[in-house]
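Structure assessment
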Amino acid sequence: MKAYILAALIVLTVSPAVGCGENGSTEKSAEAQNTQFEQSQIYSEEDIESAIQVISDYFDKEFEGCTLTELYYPGDSYADEFNEFAEIYGADEAIILMSSFEVGPSGGDGSLNPNSAYNDWNWILVRSGGGKWEHVDHGY
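Everything numeric here is computed off the predicted structure, so don't read it as measured data. (Residues numbered from 1 in each chain as written. Predicted model: local features only at pLDDT ≥ 70, side-chain atom pairs only at ≥ 80, totals over all residues. Heavy atoms only, no water.)

Structural notes on the packing of aromatic side chains
Our working rule: We call Phe, Tyr and Trp rings a pair once their centres come within 6.5 Å, taking the six-membered ring for Trp, and we label the pair stacked below 30 degrees between planes, edge-to-face above 60, and tilted otherwise. A run of H or I in DSSP counts as a helix once it spans at least four residues, and a run of E counts as a strand once it spans at least two, with each numbered from the N terminus. In this scheme, a residue with accessible area under 20% of its type's maximum is buried, one over 50% is exposed, and one in between is partly exposed, where area comes from a 1.4 Å probe on protein chains only.
On inspection of all chains with the given rule, the structure shows 17 aromatic pairs. Look at Phe59 and Trp123: their rings are 6.4 Å apart centre to centre, the planes differ by 70 degrees, and that puts the pair in the edge-to-face class. Remark: Trp123 occurs in strand β5 (residues 116–127) and Phe59 occurs in helix α2 (residues 45–62); sequence separation between them is 64 residues. One exposure class covers both Phe59 and Trp123, and it is buried. An aromatic cluster of three or more residues is present, and its members are Tyr58, Phe59, Phe63, Phe101, Tyr118, Trp121, Trp123 and Tyr140.

Structure below.
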């Protein structure tokens, strides 16, 4: 378990989130501050780490003006949803990650509330044949 948490923290340290300066310019910020990981009977550490990396990279590119404060696998209790999303997207597997992030004064892309925090934000990823995870949806 300790090795699992350490590996997940390394992934987050290697891929810091995007933040926003006072003037709205993009700058790299500190990595997610809080990370919780549940042990999984469905996915290996590598499976979860690779899903986290996909979302971390996506967040860096698409959520300018925002700072990722938490990104985690919430546990196997979402297994029913995994199966539903895999079926919806025509994939063999699906995984859900959860996050929290803060929005700077620029409001991200304009669809987010400036100077606010979003919690329990879902990220849905799918894959087939044990391939790479693909981000297909996010939100509440």
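From this point, things continue past the structure.
Re the environment of His138
Applicable threshold: In what follows, residue pairs with any heavy atoms lying within 4.5 Å of each other are defined as contacts. Polar contacts here mean pairs of N or O atoms no more than 3.5 Å apart (in protein, one a potential hydrogen donor and the other a potential acceptor; neighbouring residues in sequence count only if both atoms are side-chain atoms).
For His138, the location among the structural elements is in strand β6 (residues 134–139). The partly exposed category is assigned to His138, whose relative accessible area is 28%. Spatially, the C-alpha atoms of His138 and Ile124 are 6.0 Å apart, while their sequence positions differ by 14 residues. Setting aside chain neighbours within four positions, we find His138 in contact with Tyr58, Phe63, Trp121, Asn122 and Trp123. Here the side chain of His138 touches His135 through a polar contact of 3.0 Å, side chain to side chain.

Thoughts on α2
Because an α-helix completes one turn every 3.6 residues, residues spaced three or four positions apart along the sequence face the same direction. Just so we agree on the cut-off: Each residue after the first adds 1.5 Å to the expected span of a helix.
Here α2 is 18 residues long and its end C-alpha atoms lie 26 Å apart, about the 26 Å a rise of 1.5 Å per residue gives. Considered for burial, the residues of α2 that qualify are Asp47, Ile48, Glu49, Ala51, Ile52, Ile55, Ser56, Phe59 and Asp60.

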